[in-house]
Number of protein chains: 2
Amino acid sequence: MAKRSERINKVRDELLTAQTQLVREKSFAVAIIVTGVPTAGRSEVVNKLLEWLDPKHVSVHALDRLPQTGDGKPIMQRYWLTLPARGEIAIYFTGWYEEVLWPAMHEAKKAARHEARAIERITQLEAMLVSDRVRVVKLDMRVDREVQKQRIDELLAEKATRWRVTDEDRWLAKHFDVVQEVSDRIIAATNSPDAPWHVVHGDDKNSRLEKAGGHLLKCLSAGFKHSAVPANSAPWQAETNASTVPFVTRPPEGLDDDAYDRELESLQGRLALLSRKRSFKKRSVVLAFEGMDAAGKGGTIRRLAAALDARQYTVVPISAPTPEELARPYLWRFWRRLPERGDFAIFDRSWYGRVLVERVRDLAAKPDWQRAYDEINEFELQLAEAGMIVHKFWLAVGKDEQLKRFKDREEDALKRYKVDREDWANRRHYDAYQAAASEMIERTSTPHAPWTIVEADDKKYARLKVLRTVCDSIETAIKKSS
Amino acid sequence: MAKRSERINKVRDELLTAQTQLVREKSFAVAIIVTGVPTAGRSEVVNKLLEWLDPKHVSVHALDRLPQTGDGKPIMQRYWLTLPARGEIAIYFTGWYEEVLWPAMHEAKKAARHEARAIERITQLEAMLVSDRVRVVKLDMRVDREVQKQRIDELLAEKATRWRVTDEDRWLAKHFDVVQEVSDRIIAATNSPDAPWHVVHGDDKNSRLEKAGGHLLKCLSAGFKHSAVPANSAPWQAETNASTVPFVTRPPEGLDDDAYDRELESLQGRLALLSRKRSFKKRSVVLAFEGMDAAGKGGTIRRLAAALDARQYTVVPISAPTPEELARPYLWRFWRRLPERGDFAIFDRSWYGRVLVERVRDLAAKPDWQRAYDEINEFELQLAEAGMIVHKFWLAVGKDEQLKRFKDREEDALKRYKVDREDWANRRHYDAYQAAASEMIERTSTPHAPWTIVEADDKKYARLKVLRTVCDSIETAIKKSS
């Protein structure tokens, strides 16, 4: 027994040392998932970890179950919002496994057809976390049926301890076999070398503590080893795909001012009425605007917003990430800005920055922006699954027209701030942007989140086309759901 | 006419210059409130400002009306969450005046008795914003009854523009007199030199634009002038009030281990059952723990948390503020961590840092920590008004006992990280802390948010006393509301 307590002290000591290093280096973050049956010691292990570690850099998350009916929010959003920054450790009671374990245990048949997709969401999330320097440790705390029964009986026998057994505990204990079966199945389906499961047997208090601590320690050591290996740092050369067909930037024909005013007013009216419809109140809209500098994103967004009630939309301008954002997986900052039901979130530049500016200007490593296509498709799929209407616009401005607009702006004292050195630098990469945009649109245009290319050399034409497309998109979505 | 457009261009130019300076210096933030009747040009003015300014540093907030029934959240929380950081400009459509204008217009009699308190909340908020370097500009956009009627009729006459008139607009136009009366009354009650109202007459498009821009410009100039004056920077000397009666730190009698275990278990059971009660689901609990280093806050909080479902509580450790937090009024970071209905938020150190460590260690200017007593009382009152159960604990540890614990910790390799140079430095100020804590408790113990002083030289006694007090507090609150 003395030996075990020495070993535990050693684990404890090493854990604190490792955490201190982690806090100092901020080289990665850690997400710990703890699942398990009643009396297997989940809370106890978590409490001990909190006692051992410096709690200022540890957060514990135990989220309520989502309402079965859905609330218009993507299922994984609440986990995204709680992701630890690098240097931090987050402990999740059940965490994202809540969405698959609980339904599987309770309504085996009904849940089965959702299970495959739920598991896909989880494996995709964990793969992304690992790529974005969040280490994932998963502990499943178990105990024998007999031991569990005995412990629960003991707790129930004493008035002073009876409160420890909740209704949920009783249910889980009663359905021991189902619970075990489901856990085994989910664990098998979500075990991966990068985010492995560890089954911890909780028959003995000290033994489970030693094991759980040991797994966390191994995860931390692996993290330090991994982050010490320099990332592939050979600067990537922007590949201008010579065979890329340039976008059409000039619309077929012009529009006189009167016709434009009339058409704008009428499209704004159409959008306004759509946005006030009762059937729209259950949906929400996510619009992403991309395009080179001076393509006219701002002006287009303003014409769109003018049709909406100010309480109903947010324009989210995206520029260089803050330190807080840089310390987390790159999609984090977009997850935080999703619309409420009945609302619009309009992104002026978006999550596509990763495969545009970050790719072209060499701000992201090649493997990072390459995996972003799949990550973005998954992200948008999850938004669509939650009932969001997602549409993306590429405002295609020609090289000559862009130059003209830059010069006009520089001459206009009031717009001068709109052109800076960065813009001129970006312009020198026009062809690389063009190639990156082509590949982006090819790889991320999906039925549930389509791209529309807008011929933006003519600002008025561009504004009308965007407005019309947004209206069509909402109309189709509402019709389908009613 | 040419003259006016020149003047507008000048305002526009100067605004952008001023904003650029603001973004660079980050010396203050700006909150703009825009209220007004339909067709007076609210949206148009806001859109123009957005066009003129660099939109990356401007946010627009138009929040939905709160549900009349209340949702367990303090009314002002949503405004707090959107406060601009220094260097940023936030524009609010109606903003916090929503809570007083709308009820006053719609249910004059019923609302009257709430109005005084609503206005108090607003003036208190604005005073705090101004003190914490958020400049407040308030614009009320108006138009004559006849002009309004004519404009609405024109809009309704054309199919293409009819959508611009909402049901709310019709209502407001129909009740022109009431709307005017209420606006006058609220404006008179909330006008102050630091957060003045400006009535902008919107009969003419350009004139209202020029005026609104001019008011914002004046606000910015005043901000720069004000921030250029060095704050009273004479370092404040910790005044040790010799007449302060020291807290009792040692409880009347000890407790043997068995009795402690039994009592702990039973109190945890009581708390667990209380927290699972149906009548508790509508309430929430905010607990603040303060006390000198090594007073036993962490251990006490763990004993408390052990009684709760992990999904039901969050422990919020408060240490030095982040840059993001430092850029905003100091209560901002606490507003962000309030509990949901049915939940506990347990603060390990709290908003009282301002009148404890910041006061004693000279981290806040004297006027700043002095006004904090009132600000904190108002903050806690607003939590209580939303149905939150607020209780605060001062864990009083004696000077000798603290020294003993420091030494014990230094000898224990595993707890060594818990004592750092800061702690020893704080200890040298023991008497000043003692005096600051006395004043704090005297000035902020209120019926709706009481302080309990806990004799913490005996850890076990302290844990039991806290648990018992929390149980009593919840029980009383639930009884009252049922």
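Residues numbered from 1 in each chain as written. Chains lettered and ligands numbered in written order. Predicted model: local features only at pLDDT ≥ 70, side-chain atom pairs only at ≥ 80, totals over all residues. Heavy atoms only, no water.

Caption draft 1: Up close: the relation of the copies chain B and chain A. When chain B is fitted to chain A, the best match, at an RMSD of 0.0 Å, comes from turning it 180° and sliding it 0.0 Å along the axis. Read as a symmetry element, the transformation amounts to a two-fold axis. The position closest to the rotation axis in chain B is occupied by the C-alpha of Glu324(B), lying 4.4 Å away. When the interface residues of chain B are mapped onto chain A, 100% of them again lie at the interface, so the same face is used by both copies. (Least-squares fit on C-alpha atoms with pLDDT ≥ 70 in both. Contact = heavy atoms within 4.5 Å.)

Caption draft 2: Looking closely at the pairing of strand S6 (residues 284-291) of chain B. All names here are of chain B. Of all the eight residues making up S6, eight are buried; the element is thus mostly covered by neighbouring parts of the structure. Where burial is concerned, the two faces of S6 agree: the one with Ser 284, Val 286, Ala 288 and Glu 290 and the one with Val 285, Leu 287, Phe 289 and Gly 291 are both buried. Bridge count between S6 and strand S9 (residues 388-396): eight bridges; the pairing is parallel. Counted as the bridge partner of Ser 284 is Met 388 from S9. (Buried < 20%, exposed > 50% of the residue type's maximum accessible area, 1.4 Å probe, protein only. Helix = DSSP H or I, 4+ residues; strand = E, 2+ residues; numbered from the N terminus. Pairing = 2+ DSSP bridges.)

Caption draft 3: Examining the sheet that holds strand S1 (residues 29-36) of chain A more closely. All names here are of chain A. If you trace the five strands from one edge of the open sheet to the other, you get S2-S3-S1-S4-S5, paired in parallel fashion. The sheet is open, and its two edges are formed by strand S2 (58-61) and strand S5 (197-201), each paired on a single side. The average angle at which neighbouring strand axes cross in this sheet is 20°, direction not considered. Two strands pair when backbone bridges link them, and strand S4 (residues 134-142) and S5 are joined in this way by five bridges, in the parallel orientation. From the neighbouring strand, Lys 138 faces S5, where its bridge partner is Trp 197. Of the strands in this sheet, S1, S2, strand S3 (89-93) and S4 are in contact with helix H2 (residues 42-52), which crosses S3 at around 165°. In the packing of helix H8 (residues 176-190) onto the sheet, contacts are made with S4 and S5, and the angle to S4 comes to roughly 160°. (Axes fitted to C-alpha atoms, helices over the stretch in contact; angles between N-to-C directions.)

Caption draft 4: Fine view of the packing of aromatic side chains. Applying the stated criterion to the full structure yields 36 aromatic pairs over all chains. Between the aromatic rings of Tyr97(A) and Trp197(A), the centroid separation amounts to 4.9 Å while the plane-to-plane angle is 70°, which identifies the pairing as edge-to-face. Within this pair, whereas Tyr97(A) is found in the loop between S3 and helix H4 (98-106), its partner Trp197(A) is found in strand S5, the two being separated by 100 residues in sequence. A residue is classified by how much of its surface remains accessible, and Tyr97(A), at 0% relative accessible area, is buried. Each ring, one from Phe28(B) and one from Phe224(B), has its centre 5.3 Å from the other, and the planes form 70°; the classification is edge-to-face. One end of the pair, Phe28(B), is in the loop between helix H1 (2-25) and strand S1 (29-36); the other, Phe224(B), is in helix H9 (residues 205-228), with 196 residues separating them in the sequence. The residues Phe28(B) and Phe224(B) share a single accessibility class, namely buried. (Phe/Tyr/Trp six-rings, centres within 6.5 Å; stacked < 30°, edge-to-face > 60°.)

Caption draft 5: Structural context of a positive patch on the surface. A grouping of Arg336(A), Arg337(A), Arg336(B) and Arg337(B) is seen on the molecular surface, where their side chains present a positively charged patch. Position of Arg336(A) relative to the elements: it lies in the loop between helix H13 (332-335) and strand S8 (344-348). Since its relative accessible area comes to 33%, Arg336(A) is described here as partly exposed. (Patch = residues over 30% accessible without salt bridge, like charges linked within 9 Å, V, L, I, M, F, W, Y side chains within 5 Å. Areas by Shrake-Rupley, 256 points an atom, 1.4 Å probe, with all protein chains shown as cover. Salt bridge = Lys/Arg side-chain N within 4 Å of Asp/Glu carboxyl O. Lys, Arg positive; Asp, Glu negative; His and termini not counted. Charge placed at Lys NZ, Arg CZ, Asp CG, Glu CD.)

Caption draft 6: Expanded view of the side chain of Glu455(A). All names here are of chain A. On the secondary structure map, Glu 455 appears in strand S10 (residues 451-455). Using a relative accessible area of 13% as the deciding quantity, one classes Glu 455 as buried. A polar atom in the side chain of Glu 455 sits 3.1 Å from the side chain of Lys 465. Ignoring anything within four residues of it in the chain, the contact list for Glu 455 reads Val 248, Thr 249, Arg 250, Pro 251, Ala 396, Tyr 461, Ala 462 and Lys 465. (Polar contact = N/O pair within 3.5 Å; in protein donor to acceptor, adjacent residues only side chain to side chain.)

Caption draft 7: Expanded view of the pattern of salt bridges. One pass over the structure, following the stated rule, counts 84 salt bridges over all chains. The partner of Arg371(A) in a salt bridge is Glu375(A), with the nearest N and O atoms 2.6 Å apart. Taken together, the residues span about one helical turn, with Arg371(A) and Glu375(A) both in helix H15 (residues 366-385) at a distance of four residues. Between Arg270(B) and Asp472(B) there is a salt bridge, with its nearest N and O atoms 2.7 Å apart. Taken as a pair, Arg270(B) in helix H10 (residues 257-275) and Asp472(B) in helix H19 (residues 459-481) lie far apart in primary sequence, 202 residues in all.

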